[in-house]
Amino acid sequence: MTHKLSKITLAMLSATALYMPSLVHAQETTAEVEAADDYEVIQVSGIRSSLTSALLEKRESTNLIEVIEAEDIGKLPDQNLAEVLENITGIQITRTAGVGTGVQIRGSNSNNVLINGVQTVSSGTGRGGISFEDVSASIIAGVEVTKASDAKTIEGSVGGTVNLRTIRPLELSEQLINVRIQGEDSSLTTDGIQPRFSAVYGDNWDTDSGKFGFVFSGSLTKQESSSFRPRVDRDGSLVENCDADVVRSGNLEPIEDRPVCQDFDFLGIQFLNQEYENYEYDTTNISTTFEYAPNDDMKFFVDLVITDQERRQDSTRVQGSGVSAVLNQNLPTEFETVNYGSLDGVQLGSIQAAVVGVIEPDLDKDDDDPNLRFSSDTGARVTDTSLFRIGGEWQGENLFASFEISSANSDTVNPNLSSTLNFINPNCPLDATSNDNCVPFRYDLTGGALTFGINFDSDYAPTVGQLSDTSGEHVVLDQVQIGRNETENSLDALRADFSYYLDDSPVTSIDFGFRFSERESTFNDISDNIGGFSQMADSPSGSLFSELLVQGPSNFGDADGRELAIRNFVIIDPDLAFKNPDYVIETLEAALIAHDDTPDLSNLEPDSTAFFNISEETLAIYAQANFEFDYVVGNFGVRHIETSVDSTGNTVTDAGNTLTTISGDYSFTLPKLNLVVTPHDDVVLRLGWGQDIRRPDFDQLNTSVSFDPNINQSVNIGNPGLEPQEITTLDISAEWYFAEAAVVSIGYFDKEISNLFVSTLDSSPTDANGYFEYNDTSCSGGGFFNPIAAGDDFLAPLGVTGACVDLQTDVNDSAKTTQTGIEMAVQYDLSSFEDELGWASGFGFLANYTIQEYKGGSVVNESATRGTDIFNAINGIYDDADFVTYTAVQGLLDFSENAYNITAYYEKYGLSARLRYTWREAFRTDDTAGGASRNSTLGFPVVTHDRGQLNASVSYDVNENLNLGIEAVNLNKEGVSQSCVNEGAILCFQGLADRRITFGASYRF
């Protein structure tokens, strides 16, 4: 049976002659070769070559895939793999300090990442696979995203499966030696240009024993990225109007308690946080492949991929805490009207909120608040990952067989030495009991910017010299968090696949095979907390450890030119904390001993209450029939899986903690169907239908508990009873290849999901003082008892250790949910008009647009105590006995309903230029600034506003060997704005991102 190729397909084939990953059909028939001889072959190269070959692979596939191929080795369209994927229709990404880290395919974070078809493991407790920031794009030759899977596809994805492909040496037509040197500069960092180096060598040889091939590629990458993330909390800041009878727990609050009340309710300021988010990446990647083909019918291969990444966090937080203590003593000078919109059709209404004012200490009300704290967040993730694959394939007359053994491992350590200092204000008449410091603040939240700083016009204001004094005279140690958590992940798999070819039959072949895998995830919590001091008597002076003190970064404001910021403060040296943590700990402990004969010293031992180990065995078998008749090709198959799980962790009960193992098993049979109809040479119609599952992440299954001394942090407990999500997907699409290397496509998808994982919050109630319960360890009123939660004088009295805090866990949503969407794309260039347009024929463009909708679900978020206070006050209810809580179905987080990409490029005369604008609509998320929890966002995920980013790149071929290039990420320096409850309701957080410029040269020998 033969399949005649169109002219455009043959042109595409010629563009991939140098190297091209194996396609579904491994053999080219004699008839196809003869057909190729009948047509003119059009040679293309560069950007157009990569787009052309990727388009060919998409067109020839029997299921729906998207492909990006490098125009040359190490030259994917972006430096970061998450940002590479953002070029694809239906994919959006999330960023950490401006760098792409998370990928949503069709609105879902639940996707599989493979390397050369092998499932990878993550650095944490998730299932998605290797982190995109751990793999340099410079060692990847192509990226394939499967949206409609077949029976061969490894199960476990909701959105899609991402396969990162390295170079296959036997597909090289000539020796390959390429070296690339680059430097990257970030507009907000202070460490200057960061270097990058990558190189590849590949070749193959014909010998009397067969054909050998070898490829080695490696990269060394240093990168620094920053963003400024100011946070202003106006939850817990309700000042009721003067005529309101405010009743809490049956007690009428006297009007004298709110001297600044007005004839309207308003929200003041509850908390200020100026976060400088900075990450430094040091990544080494090695990829090597050896292939041996003793004859035309047999091939063996060995793949090895090694990644070594050190991601260091060097962030600071400057906090205005205890602000709520003088809430009723400070009247804002300017307000704005905040409309909270609606939740599930219920209108929440509007309220006035502070936007301009000062926060002055009132010693009659509180002798030491508000206070100023300086934090240095010096955490890191050090991950060693390896992937090994060995296997072979054999082609008989009617039977094709392949086998492989693979092993993926990831060992991660999270060293952490984060510290907080309390500033002691010499201009405040302290009574020497509390280590708080009565510092005045000024804020201006107009113009969509969260700006605040020290009110230097106040009589209580410290001087710049006092704030930045590294002698330690004006700071004391508040607390130190020390950690060395360990996460180990492994996945060993054995796989065999077979294809039996049939002659003279509409069913052209039968595919069948099996895969057996063993997977394990182990987590050890090795951490301790020193301090959480609230009294001066317990707090060592900074003068006892002054050799550790340095001035904090003073560039907050470089992103948007803001004048109002806190630029003068001291911190414990983050570089020293990372490079020599033992010395830092010894110095701090010496200071503790000098201050107190019975100090609280560190004890870095594994925490048995937080340990867990989850092991899993899976057997998958599949069978698939491939068919072809007239203008229809496709496949139909089933994949059957059986999984057993053992979850070992601590079960926390009133009687104590017990290490237990909970076992379970499940099986699923997953049908798959893919149809491709070609009614015309250049028109392709597709239909895909199938079922899949998504297993819970490992941390969602564990029963152990990790506690945080921050009383505002929820306790998270896993749920070993979580069942896998079940997904049914329908895809319908049409593609029109109307010109050479050109396409217009439109597709519709529908995903129905059962057992969706959703997060629930059990809020801890507060008393008339706004305190969590700290005398009832059973937490009968709600929440979960955290034995190390430290009182902060807002949620519990200073000096208290242990309180009932909010409890967060995951459950299966009992209701089905649906995701539907339309994906549209167009690709075209003017190269065929060279005679008419001359130099202008080098232009081309790509564009795609995705619109999607999410419906269903039954698990709801409920307003936290602070939100309940505000929403009831809006409706004139001030007695908490009459309060109504407000709820909303959670929906899908990180889900944008609309998104698009537009890329214009130019390629001619050795010049290649590309300009891409990416936009995504607002979405709900739990990714907030400064460690904010749902308690401080009124009980609901925040909304990240619409965002668009402009990237560009230019390169020039000096000659056939040397190429010079420059790339800019986030040219428009687009930031992030986040609102609480609904978009545009009340601005809670900002992210002011950097612009990254990468420049360099590559040389091909």
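Rules used in this analysis
Note on numbering: residues in each chain are counted from 1, in written sequence order. Predicted model: local features are reported for residues with pLDDT of at least 70 only, side-chain atom pairs are reported and counted for 80 or more only, and whole-chain, interface and lining totals are derived from all residues. Remark: hydrogens and water are excluded; side-chain values derive from all non-hydrogen atoms of the structure. Any pair of Phe, Tyr and Trp rings, taking the six-membered ring for Trp, is counted once the centres come within 6.5 Å. Such a pair is stacked with planes under 30 degrees apart, edge-to-face with planes over 60 apart, and tilted for the rest. Numbering of helices and strands starts at the N terminus; helices are DSSP runs of H or I of at least 4 residues and strands are runs of E of at least 2. Burial status follows relative accessibility: with a 1.4 Å probe on protein chains alone, a residue under 20% of its type maximum counts as buried, one over 50% as exposed, and anything between as partly exposed. Lysine NZ or arginine CZ positioned within 6 Å of the ring centre and within 35 degrees of the ring normal marks a charge as sitting over the ring. Only residues whose relative accessible area exceeds 30% and that form no salt bridge are eligible for patches; like-charged ones are grouped when within 9 Å, while nonpolar side chains (Val, Leu, Ile, Met, Phe, Trp, Tyr) are grouped when within 5 Å. Values of accessible area rely on a 1.4 Å probe in the Shrake-Rupley scheme; residue burial ignores everything except the protein chains shown. One speaks of a salt bridge when a side-chain nitrogen belonging to Lys or Arg is within 4 Å of a carboxyl oxygen belonging to Asp or Glu. The charge count includes Lys and Arg as positive and Asp and Glu as negative, but it does not include His or the ends of the chains. Every charge is mapped onto a representative atom, which is NZ of Lys, CZ of Arg, CG of Asp or CD of Glu. The rule for pairing is simple: two strands pair if DSSP sees at least two bridges between them. Contact criterion: two residues are considered in contact whenever any of their non-hydrogen atoms come within 4.5 Å of each other. Between N-to-C directions, angles cover 0 to 180 degrees, with each direction set by a line fitted to C-alpha atoms, over the stretch in contact for helices. To qualify as a nonpolar core, a set must consist of buried Ala, Val, Leu, Ile, Met, Phe, Trp, Tyr and Cys residues joined through side-chain atoms within 4.5 Å. Multiply 1.5 Å by the residue count of a helix minus one, and that product is the helix's expected span. Note on disulfides: each one is a pair of cysteine sulfur atoms within 2.5 Å. You can read pLDDT as the predictor saying how much it trusts each residue, on a scale of 0 to 100.

Caption draft 1: View of the packing of aromatic side chains. If you walk through the whole model with that rule in mind, you get 25 aromatic pairs. Note on Phe-871 and Tyr-886: the rings are 5.5 Å apart at their centroids and 75° apart in plane angle, and the pair reads as edge-to-face. With Phe-871 in helix α10 (residues 865-874) and Tyr-886 in the loop between α10 and β46 (887-889), this pair connects stretches of sequence that are 15 residues apart. Here Phe-871 matches Tyr-886 in class, with each residue buried. Measuring from centroid to centroid gives 5.3 Å for Tyr-900 and Trp-919, while their planes differ by 20°, and the two rings are stacked. Placement of the pair is Tyr-900 in strand β47 (residues 898-908) and Trp-919 in strand β48 (residues 911-920), with a sequence separation of 19 residues. Classification of Tyr-900 by relative accessible area gives partly exposed; the value is 24%. Sitting over the ring of Phe-698, Arg-127 keeps its end group 4.4 Å from the ring centre. The aromatic ring of Phe-923 is capped on one face by Arg-920, whose charged end is 3.9 Å from the ring centroid.

Caption draft 2: Focus on a negative patch on the surface. There is a patch of like negative charges on the surface, built from Asp-308, Asp-384, Asp-411, Glu-488 and Glu-520. Note on placement: Asp-411 falls in strand β24 (residues 399-423).

Caption draft 3: Highlighting the sheet that holds strand β5 (residues 118-119). Read from one edge of the open sheet, five strands run β1-β6-β7-β4-β5, paired in mixed fashion. Looking at strand neighbours, the two that pair on one side only are β1 (65-69) and β5, the edges of this open sheet. Here strand β6 (residues 142-146) pairs with strand β7 (residues 161-165) via five bridges, running antiparallel. What sits directly across from Thr-146, in β7, is Thr-161. Its contacts with the sheet put helix α3 (residues 46-60) on β1, β6 and β7, and the angle it makes with β1 is roughly 155°.

Caption draft 4: View of the nonpolar core. Counting residues in hydrophobic clusters, the biggest one holds 44 residues, and the most contacted among them are Ile-269, Leu-372, Phe-374, Leu-477, Phe-545 and Ile-572. Mapped onto this core, the elements with two or more residues apiece are β21 (350-359), β22 (371-377), β24, β25 (441-444), β26 (451-454), β27 (475-501), β31 (570-572) and α7 (581-595). For this core, the element with the most residues is α7, which contributes five residues. Leu-477 has contacts with Thr-420, Leu-421, Phe-533, Ser-539, Pro-540, Phe-545, Ile-572, Leu-588 and Leu-592, leaving out every residue within four places of it along the chain.

Caption draft 5: Summary view of the pattern of salt bridges. Taken as a whole and assessed by the stated rule, the structure comprises 52 salt bridges. Between Arg-127 and Glu-616 there is a salt bridge whose closest N-O contact spans 2.6 Å. You can see Arg-127 sitting in the loop between β5 and β6 and its partner Glu-616 sitting in strand β32 (residues 612-629), a full 489 residues away along the chain.

Caption draft 6: Highlighting unusual backbone geometry. Residue Pro-370 is bonded to the preceding Asp-369 through a cis peptide linkage, with omega at 0°. Within the fold, Pro-370 resides in the loop between β21 and β22. A positive phi is found at Ser-249, a non-glycine position, where the angle reads about 55°. When you line up the elements, Ser-249 lands in the loop between β12 (247-248) and β13 (251-252). Accessibility expressed as a relative area gives 48% for Ser-249, which makes it partly exposed.

Caption draft 7: Spotlight on α10. Counting buried residues in α10 gives seven out of 10 residues, a clear majority hidden from the surface. For α10, the set of buried residues is Arg-866, Gly-867, Thr-868, Ile-870, Phe-871, Asn-872 and Ala-873. The inward-facing, buried residues of α10 contact β11 (238-239), β14 (266-267) and β21. Phi for Gly-876, located one or two positions after α10, is positive at around 75°.

Caption draft 8: Region of interest: α7. Taking 1.5 Å of rise per residue, the 15 residues of α7 would be expected to cover 21 Å, and the 21 Å separating its terminal C-alpha atoms lies within 8% of that figure. On the buried face of α7, the contacting elements are β24, β27, β29 (527-531), β31 and α6 (574-579).

Caption draft 9: Structural view of the sheet that holds strand β42 (residues 807-812). Pairing in this open sheet of three strands is mixed, and the strands run β36-β42-β39 from one edge to the other. The open sheet terminates on both sides in strands that have one partner only, identified here as β36 (715-717) and β39 (757-762). The average angle at which neighbouring strand axes cross in this sheet is 30°, direction not considered. Of the pairings in the sheet, the one linking β36 to β42 comprises three bridges and is parallel in character. Counted as the bridge partner of Val-715 is Leu-807 from β42.

Caption draft 10: Here's a closer look at the state of the cysteines. Scanning all chains against the criterion turns up four disulfides. With a sulfur-sulfur separation of 1.5 Å, Cys-428 is cross-linked through a disulfide to Cys-438. Of this pair, Cys-428 sits in the loop between β24 and β25 while Cys-438 is found in the loop between β24 and β25, placing the two residues 10 residues apart along the sequence. The exposure class of Cys-428 is buried, given its relative accessible area of 6%.

Caption draft 11: Representation of the environment of Ala-985 within the structure. Assignment of secondary structure puts Ala-985 in the loop between β53 (976-980) and β54 (986-993). A residue is classified by how much of its surface remains accessible, and Ala-985, at 8% relative accessible area, is buried. Those residues in contact with Ala-985 that lie beyond four places of it in its chain are Val-338, Asn-339, Tyr-340, Ser-979 and Cys-980.

Caption draft 12: Main features of the confidence of the model for the protein. Averaged over every residue, the pLDDT of the protein is 89; the share at 70 or more is 94%. Between residues 1-44, whose pLDDT stays under 50, and residues either more than four places distant or in other chains, the model counts 70 contacts.

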